[in-house]
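Below, each chain spelled out in residue letters.
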Amino acid sequence: MSEINVIIAGLGLIGGSLAACWSAQGISVTGVARQASTLALARQRGWIADGYLSLADSLRPNSWLVLCGPLSLNVQWLKNHAQTINALPGLYVTDVGSC
């Protein structure tokens, strides 16, 4: 069985909770945040294996991308990165956006 890789864009209440849960289950979690301090805290707590300040830099084939930002930001992320997302084989995208 291949390793599951999850990229969580947005490490607030929802994204941080998902990162904590999935990493506790042994799933490799990459975090994306706007502030380096958020990534540092998530690493310190063991929620993420790797972290990026840029969504584009975090994208990998054969991964799940979970957008955990406000809906307007999730839509903007998708618009800005659609070409890259579509070019990566096995990259699945979902969201748990909030208003």
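Use the structure listed above.
A short tour of the structure in this document, coming up. (Residues numbered from 1 in each chain as written. Predicted model: local features only at pLDDT ≥ 70, side-chain atom pairs only at ≥ 80, totals over all residues. Heavy atoms only, no water.)

### Description of the overall build of the protein
For clarity, the threshold we go by: Here a strand is any run of E in DSSP of at least two residues, a helix any run of H or I of at least four, and the numbering for each starts at the N terminus. Computation of the radius of gyration draws on C-alpha atoms, with the globule rule given as 2.2 Å multiplied by the number of residues to the power 0.38. Between buried and exposed lies partly exposed: a residue is buried under 20% and exposed over 50% of the maximum accessible area for its type, with that area taken using a 1.4 Å probe on protein chains only.
The number of helices and strands found in the protein is four helices and five strands. Mapped from its N terminus to its C terminus, the protein presents α and β elements in the order β-α-β-α-β-α-β-α-β. What you see for the protein is a C-alpha radius of gyration of 12 Å, in line with the 13 Å of a compact globule of 99 residues. Overall, the protein is about 35 × 35 × 20 Å in size when its C-alpha atoms are taken along their principal axes. Taking all 99 residues of the protein together, 34% fall into the buried category.

### Description of the pairing of strand 2 (residues 28-32)
Rule in force here: Pairing between two strands is assigned when DSSP locates at least 2 bridges connecting them. A right-handed crossover is one whose linking path, passing over the helix from the first strand to the second, runs clockwise when the strands point away from the viewer.
Strand 2 sits mainly inside the fold: four of its five residues count as buried. Across five bridges, strand 1 (residues 5-9) lies against strand 2 in parallel orientation. Residue pairing across strands places I7 opposite T30, the latter belonging to strand 2. Read as a crossover between parallel neighbours, the route from strand 1 over helix 1 (residues 13-24) to strand 2 is right-handed.

### Brief notes about the side chain of S63
We apply this condition: Any N or O atom pair separated by 3.5 Å or less is treated as a polar contact, with the protein-specific requirement of one donor-capable and one acceptor-capable atom, and with residues adjacent in sequence counted only for side-chain atom pairs. We call two residues in contact when some of their heavy atoms are within 4.5 Å.
As for its placement among the helices and strands, S63 is situated in strand 4 (residues 63-67). Taking relative accessible area as the criterion, S63 reaches 3% and is therefore assigned buried. A polar atom in the side chain of S63 sits 3.4 Å from the backbone oxygen of R60. Contact partners of S63, with chain neighbours within four places excluded, come to N5, I7, G90, L91 and Y92.

### Focus on unusual backbone geometry
A positive phi angle, near 55 degrees, is found at N62, a position not held by glycine. Structurally, N62 can be placed in the loop between helix 3 (55-58) and strand 4. Of the residues examined, N62 reaches a relative accessible area of 53% and is grouped as exposed.

### Focus on the sheet that holds strand 2
Where strands meet in a sheet, backbone hydrogen bonds hold them as pairs that are either parallel or antiparallel. Using the following cut-off: Here the axes come from fitting lines to C-alpha atoms, over the contacting stretch only for helices, and the angles between their N-to-C directions go from 0 to 180 degrees.
Taken in spatial order, the five strands of this open sheet run 3-2-1-4-5, and their pairing is parallel. Strands with a single pairing partner mark the edges of an open sheet, and in this sheet they are strand 3 (50-52) and strand 5 (91-95). Each adjacent strand pair in this sheet contributes to an overall mean axis angle of 20 degrees, direction not counted. Where helix 2 (residues 36-44) meets the sheet, its contacts fall on strand 2 and strand 3, and the angle it forms with strand 3 comes to roughly 170 degrees. Set on the sheet, helix 4 (residues 71-87) makes contact with strand 1, strand 4 and strand 5; between it and strand 5 the angle comes to about 170 degrees.

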